[in-house]
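Residue-level listing of the chains:
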Amino acid sequence: MKITMIGTGYVGLVTGACLAEVGNDVLCLDVDARKIEILKAGGVPIHEPGLEAVIRRNVDAGRLAFTTDVDAAVAHGQIQFIAVGTPPDEDGSADMQYVIAAARAIGRRMEGLKIVVDKSTVPVGTADRVRAAIAEELAARGVAHPFAVVSNPEFLKEGAAVEDFMKPDRIVVGADDERAIAAMRAVYAPFMRNHERLLVMDLRSAELTKYAANAMLATRISFMNELANLADELGADIEHVRQGIGSDPRIGYHFLYPGAGYGGSCFPKDVKALRHTARERGRPLRILDAVEAANDAQKLRLVEKIVARLGEDLSGRRFALWGLAFKPNTDDMREAPSREIIAALVQRGATIVAYDPVAMDEAKRIFGPVPWLAYAPSPMAAVQGADALVIVTEWKEFRSPDFSALAAALAAPLVFDGRNLFDPPRVRAAGLEYFAIGRR
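Residues numbered from 1 in each chain as written. Predicted model: local features only at pLDDT ≥ 70, side-chain atom pairs only at ≥ 80, totals over all residues. Heavy atoms only, no water.

**Student:** Describe the side chain of Asn 420, and please don't skip the residues or the numbers.
**Tutor:** Position of Asn 420 relative to the elements: it lies in the loop between β13 (414-417) and α18 (424-429). At a separation of 2.8 Å, a polar atom in the side chain of Asn 420 contacts the main-chain amide nitrogen of Ile 437. Discounting chain neighbours no more than four positions away, the residues touching Asn 420 are Ile 238, Pro 258, Tyr 434, Ala 436, Ile 437 and Arg 439. (Helix = DSSP H or I, 4+ residues; strand = E, 2+ residues; numbered from the N terminus. Polar contact = N/O pair within 3.5 Å; in protein donor to acceptor, adjacent residues only side chain to side chain. Contact = heavy atoms within 4.5 Å.)

See below:
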């Protein structure tokens, strides 16, 4: 099948590459000429395990190409995926200008049947707006080409997106056109060889499903963080509590790990957008108000522990920071807890030496050259002479350090662990003071 992917950001690039991997002829469009040049030169503008190999393999096979030519992109595919960004506006709503602009670009140029697929995370009702924008452009041209609009939200985890796409839990398709439903079944047939994973529903239900899924996961995270903070006060161990409640099959173990708060491009944005939609309809989601407030506070929980141990004035103190990305296996620092933690420590007079396996270039782009933030070539290099170690991201290489060497390298034997990576007695046996989230 010939498929056009409008947008080569995180979702568009992974989706386009994986659709090409199963034999489709995919053309990816982006108005960012610099990004397209990187892709044409064999580079990948994002860090995602396995993605570079998939892109290279399918470019070499002639199934995947990149362009800035809108005319060529609209002409290429009968199926047109819209996977452009929907950044949050100041009021928390999703900015839809790029989605509508993509729809209008299709309407101005399309010839014959087009199936337009909303892959971006969009508010409920967006399919209607996309349909209206295309219809307006066709009317302005005086033509009546057939088209259908589909909602096909993505459920990809950063750091495991290729695997998620190739082996999906479910494929949600919102549509009211039988041709479009048949086309989507054909597109996703290679990913459902074991059993049916495609869920067909109405457009608005599909659009709400995406927001509901991310809001539920964010709620579990904030709930566990609140419980962990209470465990600190009660002298309980949140790890024992997690095992006790997770063993209940009605609850399960997923997303029950307390830490320094959630970040990234999805949960913060989607929670805000769903709250905004609910307020507009006069049905405020009070539970999500609490989820967001709890997460904002949780990002500073480690700082609270540092201040409680070392005092409010941190002038002259240097902290080693392990982890900058909002989660492992990505260089994404959007809404990352590390940004809040760094800002709060620096505000109190501290300096930071940070290490992250892949996100240091992104941190340099965000912070620029500043005297209070330096970067180390390895985790142990970061802790040399530091007044404390602060762990913010749960990269695998952080999970089994030499605690004796760590204690010897630190100027003061203090570890503040925002991801509960270690067994407290083992850390303390090495002579380290260990402060985690809800651990005894």
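What follows continues from the structure just given.
**Student:** Tell me what's going on with helix α9 (residues 203-234), and back it up with residues and numbers.
**Tutor:** Between its terminal C-alpha atoms α9 stretches 47 Å, which fits the 46 Å expected from 32 residues at 1.5 Å a residue. Positioned one or two residues after α9, Gly 235 has a phi angle of 80°, which is positive. (Expected span 1.5 Å × (residues − 1).)

**Student:** Go over unusual backbone geometry, please, and point to the residues and values.
**Tutor:** Notably, Phe 255 is not glycine yet its phi reads approximately 60°, a positive angle. Within the fold, Phe 255 resides in the loop between α10 (238-246) and α11 (267-280). The backbone phi angle of Glu 335 is positive, close to 60°, even though this residue is not glycine. When you line up the elements, Glu 335 lands in the loop between β9 (318-322) and α14 (337-347).

**Student:** Kindly report on the packing of aromatic side chains, identifying the contributing residues and their values.
**Tutor:** One pass over the full model with this rule turns up 11 aromatic pairs. Taking 6.2 Å as the distance between ring centres and 45° as the angle between the ring planes, the aromatic pair formed by Phe 255 and Phe 267 counts as tilted. A residue pair is termed long-range when its members are at least 10 positions apart, and Phe 255 in the loop between α10 and α11 and Phe 267 in helix α11 qualify at 12 residues. Residue Phe 267 is classed as buried on the basis of its relative accessible area, which comes to 13%. The cationic tip of Arg 170 hangs over the ring face of Phe 155; the distance from NZ or CZ to the ring centre is 3.8 Å. Taking NZ or CZ as reference, Lys 364 lies 5.3 Å from the ring centre of Tyr 375, over its face. (Phe/Tyr/Trp six-rings, centres within 6.5 Å; stacked < 30°, edge-to-face > 60°. Buried < 20%, exposed > 50% of the residue type's maximum accessible area, 1.4 Å probe, protein only. Lys NZ or Arg CZ within 6 Å of the ring centre and 35° of its normal.)

**Student:** Tell me what's going on with the pairing of strand β12 (residues 388-391), and back it up with residues and numbers.
**Tutor:** The two faces of β12 match: Ala 388 and Val 390 on one face and Leu 389 and Ile 391 on the other face are all buried. For β9 and β12, the ladder comprises four bridges, and the chain directions are parallel. For Ala 320, the partnering residue across the bridge sits in β12 and is Leu 389. Of the pairings in the sheet, the one linking β12 to β13 comprises three bridges and is parallel in character. Paired with Val 390 across the bridge in β13 is Phe 416. Viewed along the sheet, the connection from β12 through helix α17 (residues 403-409) into β13 turns out right-handed. (Pairing = 2+ DSSP bridges. Right-handed = clockwise from strand over helix to strand, strands pointing away.)

**Student:** Talk me through the environment of Gly 282; I want residue IDs and the actual numbers.
**Tutor:** One can find Gly 282 in the loop between α11 and α12 (286-298). A relative accessible area of 55% places Gly 282 in the exposed class. In this structure the C-alpha to C-alpha distance between Gly 282 and Ala 308, which are 26 residues apart in sequence, comes to 42 Å.

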